[in-house]
Amino acid sequence: MRYPQGGGLTPERQVFRERIRMEAAERFAAGASNAEVAKDLRVSVRSVQRWRRAWQDVGAVGLRSAGPVSTPKLSDTLFAVLEVELAKGAVAHGWPDQTWTLARIKTLIGRRFHKSLTLSGISQMLRRHGWSHQVPAKHAVERDEAAIAGWVKETWPSAKAPRRRSTPTSSSRTRPASR
């Protein structure tokens, strides 16, 4: 992905960037230097040089946004339907428990909308729409606190790796036995 926030720019951000490029085109026509335009618009000189080259080759049309890279696989109306289906729960769709995994959501999208998305694409789509990984608010009814406490005290210490003892070390690259 090009941008760390989940890939690509939002439509609002695309419009904002295009407005800056159009303002740069007006300044090019007025005869401003690259350094002046970069300083005034608070962008890099390299970007201004690239914009000026496009402006000289094609004109202001060359600085216009090409629009979104791709259209989403699920439109907003289809995603609203997906949210309703997710709210019904996983058991309502035939799974043995209420846990929604990306693989289960992928299967649901395939069954309901006859579309195939990758797991990472589903994850990004859910994040864009405000969904996140959830931790249950309540513990399971079957949870046995006494058994958990016993396991933590008895089994866990033997399962985890022992602490390394602090011993004096040598700055020599050779092993002490080889000296």
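Definitions and cut-offs
- Residues numbered from 1 in each chain as written.
- Predicted model: local features only at pLDDT ≥ 70, side-chain atom pairs only at ≥ 80, totals over all residues.
- Heavy atoms only, no water.
- Buried < 20%, exposed > 50% of the residue type's maximum accessible area, 1.4 Å probe, protein only.
- Salt bridge = Lys/Arg side-chain N within 4 Å of Asp/Glu carboxyl O.
- Helix = DSSP H or I, 4+ residues; strand = E, 2+ residues; numbered from the N terminus.
- pLDDT = per-residue confidence, 0-100.
- Contact = heavy atoms within 4.5 Å.
- Axes fitted to C-alpha atoms, helices over the stretch in contact; angles between N-to-C directions.
- Parallel < 35°, antiparallel > 145°, perpendicular 65-115°, else oblique.
- Left-handed = near helix turned anticlockwise from the far one by under 90°.
- Phe/Tyr/Trp six-rings, centres within 6.5 Å; stacked < 30°, edge-to-face > 60°.
- Nonpolar A, V, L, I, M, F, W, Y, C, P; charged D, E, K, R; others polar.

1. Some points on unusual backbone geometry
Negative phi characterises most residues that are not glycine, and trans characterises most peptide bonds.
Phase 1: In the Ramachandran plot, Arg-42 falls in the positive-phi region, its phi being about 60° despite a non-glycine side chain.
Phase 2: A relative accessible area of 75% means that Arg-42 is categorised as exposed.

2. Comments concerning the pattern of salt bridges
Close approach of charged atoms allows side chains with opposite charge to pair.
Phase 1: Counted by the stated rule, this structure contains 7 salt bridges.
Phase 2: Note that Glu-85 and Arg-112 form a salt bridge whose closest N and O atoms lie 3.4 Å from each other. Of this pair, Glu-85 sits in helix H4 (residues 76-88) while Arg-112 is found in helix H5 (residues 102-113), placing the two residues 27 residues apart along the sequence.
Phase 3: Each of Glu-23, Arg-27 and Asp-40 takes part in a single network of salt bridges with overlapping partners.

3. Quick notes on the confidence of the model for the protein
Phase 1: The predicted model of the protein has a mean per-residue pLDDT of 84, with 88% of residues at 70 or higher.
Phase 2: Considering only residues more than four positions removed or in separate chains, one finds that residues 1-6, a stretch of pLDDT under 50, has 8 contacts.

4. Some points on the packing of helix H2 (residues 34-41) against helix H3 (residues 45-58)
Phase 1: One can describe the packing of H2 onto H3 by two numbers: an axis separation of 9 Å at closest approach and a directional angle of 120°. The orientation of H2 with respect to H3, classified from their angle, is oblique. Of the two possible hands of crossing, H2 and H3 adopt the one that is right-handed. For the pair H2 and H3, contact is made by Asn-34, Val-37 and Ala-38 and by Val-45, Val-48, Gln-49 and Arg-52, respectively.

5. Some details on the packing of aromatic side chains
Phase 1: The tally for this structure, following the rule as stated, stands at 3 aromatic pairs.
Phase 2: Ring geometry for Trp-95 against Trp-100: centres 5.6 Å apart, planes inclined by 70°, an arrangement best described as edge-to-face.
Phase 3: On the accessibility criterion, Trp-95 (15% relative accessible area) is buried.

6. Thoughts on the packing of helix H1 (residues 11-30) against H3
Phase 1: Taken N-terminus to C-terminus, the directions of H1 and H3 make an angle of 70°; their axes are 10 Å apart at the nearest point. Of the possible angle classes, the one that applies to H1 and H3 is roughly perpendicular. In this structure, H1 meets H3 at a crossing whose hand is right-handed. In this structure, H1 contributes Ile-20, Arg-21, Ala-24, Ala-25, Phe-28 and Ala-29 to the contact, and H3 contributes Val-48, Trp-51, Arg-52 and Trp-55.
Phase 2: Residues of the contact of H1 with H3, tallied by class, amount to 8 nonpolar, no polar and 2 charged.

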